[in-house]
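Structure assessment
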Amino acid sequence: MTGAALIMVAIFLGFALGDFVQMQQMGFGLAFAILLDATVVHNPPSGFDEPPRPPELVFSGLAGVAPEFNIEGEAARSCS
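Residues numbered from 1 in each chain as written. Predicted model: local features only at pLDDT ≥ 70, side-chain atom pairs only at ≥ 80, totals over all residues. Heavy atoms only, no water.

**Description of the overall build of the protein**
Within the protein one finds four helices and zero strands. The N-to-C order of helical and strand elements in the protein reads α-α-α-α. Burial status across the protein gives 10% buried among its 80 residues. As displayed, the protein offers around 6700 Å² of accessible surface, 69% of which is attributable to carbon and sulfur atoms. (Helix = DSSP H or I, 4+ residues; strand = E, 2+ residues; numbered from the N terminus. Buried < 20%, exposed > 50% of the residue type's maximum accessible area, 1.4 Å probe, protein only. Areas by Shrake-Rupley, 256 points an atom, 1.4 Å probe, with all protein chains shown as cover.)

**Comments concerning the nonpolar core**
If you look at the biggest cluster of nonpolar residues, it comprises six residues: Ala-5, Val-9, Phe-12, Ala-31, Ile-34 and Ala-38. Of all elements in the fold, only α1 (3-16) and α2 (21-41) reach the threshold of two or more residues within this core. In contact with Phe-12, other than residues within four places in its own chain, are Gly-27, Phe-28, Leu-30, Ala-31 and Ile-34. (Core = buried A, V, L, I, M, F, W, Y, C linked by side-chain atoms within 4.5 Å. Contact = heavy atoms within 4.5 Å.)

**Remarks on α2**
The first and last C-alpha atoms of α2 sit 29 Å apart over 21 residues, in line with the 30 Å expected at 1.5 Å per residue. Listed as buried for α2 are Gly-27, Ala-31, Ile-34 and Ala-38. Taken down its axis, α2 places every buried residue within 70° of arc, on the same side. Of the residues in α2, the exposed ones pointing more than 90 degrees away from the buried face are Gln-25, Phe-28 and Val-41. Of the surrounding elements, those touching the buried residues of α2 are α1. (Expected span 1.5 Å × (residues − 1). Arc of directions from axis to C-beta.)

**Focus on the environment of Met-8**
The residue Met-8 is located in helix α1 in this model. Between the alpha carbons of Met-8 and Ala-31 there is a distance of 7.1 Å; along the sequence they are 23 residues apart.

**Details of the confidence of the model for the protein**
Of all residues in the protein, 61% attain a pLDDT of 70 or more, and the chain-wide mean is 77. The weakest mean pLDDT in the protein belongs to helix α4 (residues 74-79) at 59; the strongest belongs to α1 at 90. (pLDDT = per-residue confidence, 0-100.)

**Some thoughts on a nonpolar patch on the surface**
Judged by side-chain polarity, Ile-7, Ile-11, Phe-15, Phe-20, Met-23, Met-26 and Leu-30 come together as a nonpolar surface patch covering roughly 620 Å² of accessible area. For the nonpolar patch, the secondary-structure elements that each account for two or more residues are α1 and α2. As for its position among the elements, Ile-7 is in helix α1. (Patch = residues over 30% accessible without salt bridge, like charges linked within 9 Å, V, L, I, M, F, W, Y side chains within 5 Å. Salt bridge = Lys/Arg side-chain N within 4 Å of Asp/Glu carboxyl O.)

Shown next, in the form of structure tokens:
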């Protein structure tokens, strides 16, 4: 967890300890969201440590589904 995340969690928990109910809800919600983001999203568990795949492998399943767009028109297809 980064220092910035710790500071934000501390500040928002300060809001959560206040007397105004709406500020308590906002403070708790934001503190929980930042804590979740800093621990799970930015430091995933070791099960998620797989090497990145090249984009052509990631999107190869969409070749037959997604339409092919060509902003140059039919002339560009005939040249290649």
